[in-house]
Amino acid sequence: MSHPLLEVKELKTRFSTEKGTITAVDGVTFNVDYGETLGVVGESGCGKSVTAESIMRLLNEKSTKYGGEILYKGRDLLSLPESKMLDIRGNEISMIFQDAMTSLNPVFTIGDQIAESIVVHQKLSKKEAMKKAVEMLRVTGIPSPEKRIHEYPHEISGGMRQRVMIAMALSCQPSLLIADEPTTALDVTIQAQILEVINELKEELNMGVIMITHDLGVVAEVCTRVAVMYLGQVIEEADVDTLFDSPRHPYTRGLLQSIPKINGDREQKLHTIKGVVPALDNVPKGCRFAPRCSFATEKCLEEAPVLDELPNGQKVRCWHHARIKEREDVPDAIEAT
Amino acid sequence: MLLKQHDKESLQRDNSVLQVRNLKKYFPIASPFGRVSGHVKAVESVSFDLFESRTLGLVGESGCGKSTTGRSILRLIEPSDGSVIYKGEDVLKLKQKQFQKYRREMQMVFQDPHSSLNPKKRIGELIEEPMEIHKIGTKSERMERAMDLLRRTGIREDQYFRFPHEFSGGQRQRIGIARALAVDPSVIVLDEPVSALDVSIQSQVLNLLEEIQDEFKLSYLFISHDLSVVRHIADEIGVMYLGHMVEKAPTDDLFANPLHPYTQALLSAIPIPDRKQRRERIIIKGDVPSPIDPPKGCVFHTRCPFAMEQCKTVTPVMQQHSTGHEVACHLY
């Protein structure tokens, strides 16, 4: 039986800090298959980037403890020795980061940087690798790439740098691409270009993509399925249409309602979610969203809900998801502060 | 609480609070020995009015000059040319010292609430500071007003003696707003005030801004790259590209009928968080040219899908297209 591309099962990532152990990711489970784009959304500090870094095992192993499993083509990445991980990183699984300026090395030309991973993983000569680098730059839509490979990161614009990162990440034709806020630092017109490049290449290479973002607009544009995270847990997972049409978790609903809509009623006040995200060293007992939730009952404050799977495949971590469905057309389901 | 659209319109015409005309800002590029080798043309002949209790949104991509415009009006950077008329007086012609009294009436809220509040001062002091500078009230009156503003912006009064680091980003932005309100201004320049905030916090701050606008009769210049946010809060929007204002229109008009090819591309590039609202994307090619050596003629012609011969040589000027809707483009 063939394995799915990536299965994350009950992943826990703990950091030991001066103040004690902090669980940044607490029991995250999701799958990504070939040719699929999974969106991981949530606000700052929800653990979406730590999840990605755990999959790549980029975190400092001395102060980080992992739990659960990350099965990549059936192999558990968490139990692999670092030497085996080196063959996977940048080769089978690649990552694009938010800030292309700090992620590129300022003292090497962009050609050198793209060729490096080709030389390491594909055992090509430097000359052949440079040729491939030019090819990759062309694929990502950089004009006159044979000239560009001799330039340094500071000589090119932000959108170009992000394309260089994509070229670098895709140079070994990975099966899985993790994009951590790839367009957050870019302007909208450039963002549109970059999202298009990622989408085209995904189709062409039949890659699985994990798109980490806080922008629900980006999710609607490129993702097939979405996992919403809050305080280290996935609180809702669904295919993208279901998530936007009938979100079942009060937090997802709140998020969707608090964004000003480009086609909404301008005179209407925006919805707000009361309060702020609690700190990770002070996670509420019971449901983590309960203190900010207008549906919360005694039970929510005491007992932590599990991720329930509904008949349509949607998964929700809420005691009251049935009740929330009933109130579907009531826009004020989330109280304004 | 909120003024309805038609009330606002009837208020509008006569209540122009601030007029900006042909504002320019060139930054010199100097060699280490002081020889000027060229200029960064950050803002090029920008004109607009701010009206009482109304918001002008300024949108555009990074480097288009929107923040420089905002700062030039308050003379946080000295504009190179043009005029800013407030209460019948051109404030750019005043000496810094004379300008001081106007500064009280024009305040600013910055993007990054982490670096715009002095970390060594308690938030109460931070709010009183502008009143002290402008010699408003006695010490106890200032304290009372600070408490009042804290309450008004949604922060508990007993947090008066806390330091900025004890607050979250959204709360700090509220403190920044309270500080701007302290001297009872009539104009506030808001430079990306919600860009650093998470969506659930962003909506809280936007609602607060709308409430205090009506309460204190404020004119806002709201600078942002986020068009959905600007659409929500602004009555009128100016679109900037490479230092030029290319289109200006009432918000609904701009979204319903964008005229400039750049505005059209910009609007179509916004990802919409609604799967049923998908539309044809106009993807404009290439990057924004350098403002040191902007293209001749229309600055957008290098990326414009409709560029004609005359666009390469003749710079289009802002022209009225319909009531209140102005555009700088040879197509019209």
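Below is a summary of the structure that appears in this document. Predicted model only: the values in this text are computed from it and were never measured.

1. Section: unusual backbone geometry
Residue and element names in this part refer to chain B.
(1) Moving on: For Ser 53, which is not glycine, the phi dihedral falls at a positive 60°.
(2) Moving on: One can find Ser 53 in the loop between strand E2 (36-51) and strand E3 (55-59).
(3) Moving on: Exposure remark for Ser 53: the relative accessible area of 4% places this residue in the buried category.
(4) Moving on: Positive phi, close to 50°, is recorded for Lys 217, a residue that is not glycine.
(5) Moving on: Counting through the fold element by element, Lys 217 comes out in the loop between helix H7 (199-216) and strand E8 (219-223).

2. Side note on the sheet that holds strand E6 (residues 106-109) of chain B
Residue and element names in this part refer to chain B.
(1) Moving on: Within the open sheet, the 8 strands sit side by side as E6-E7-E8-E3-E9-E10-E12-E11. Their pairing is mixed. The open sheet has two edge strands, E6 and strand E11 (319-322), and neither has a second partner. In this sheet, neighbouring strand axes are inclined to one another by 20° on average, regardless of whether the strands run parallel or antiparallel.
(2) Moving on: In this structure, E6 lies alongside strand E7 (residues 187-191), joined through 4 bridges in parallel fashion. Of the residues in E7, the one forming a bridge with Met 106 is Val 187.

3. Comments concerning the sheet that holds strand E11 (residues 308-309) of chain A
Residue and element names in this part refer to chain A.
(1) Moving on: Across the sheet, which stays open at both edges, the 8 strands sit in the order E6-E7-E8-E3-E9-E10-E12-E11 with mixed pairing between neighbours. Here the strands that pair on one side only, and so sit at the sheet edges, are strand E6 (93-96) and E11.
(2) Moving on: As defined by bridge partners, strand E9 (residues 225-230) adjoins strand E10 (residues 233-239) across 6 bridges and the pair is classed as antiparallel. If you follow Tyr 230 over to E10, its bridge partner there is Gln 233.
(3) Moving on: Sheet contacts for helix H7 (residues 158-170): E6 and strand E7 (176-180); angle to E6, the most-contacted strand, approximately 175°.

4. Quick notes on helix H1 (residues 48-56) of chain A
Residue and element names in this part refer to chain A.
(1) Moving on: In terms of residue burial, H1 counts as a mostly covered element, since 7 of its 9 residues are buried.
(2) Moving on: When H1 is considered as a whole, its buried residues turn out to be Lys 48, Val 50, Thr 51, Ala 52, Ser 54, Ile 55 and Met 56.
(3) Moving on: Looking at the residues trailing H1, positive phi occurs at Arg 57, about 50°.

Conventions used here
Residues numbered from 1 in each chain as written. Chains lettered and ligands numbered in written order. Predicted model: local features only at pLDDT ≥ 70, side-chain atom pairs only at ≥ 80, totals over all residues. Heavy atoms only, no water. Helix = DSSP H or I, 4+ residues; strand = E, 2+ residues; numbered from the N terminus. Buried < 20%, exposed > 50% of the residue type's maximum accessible area, 1.4 Å probe, protein only. Pairing = 2+ DSSP bridges. Axes fitted to C-alpha atoms, helices over the stretch in contact; angles between N-to-C directions. Contact = heavy atoms within 4.5 Å.

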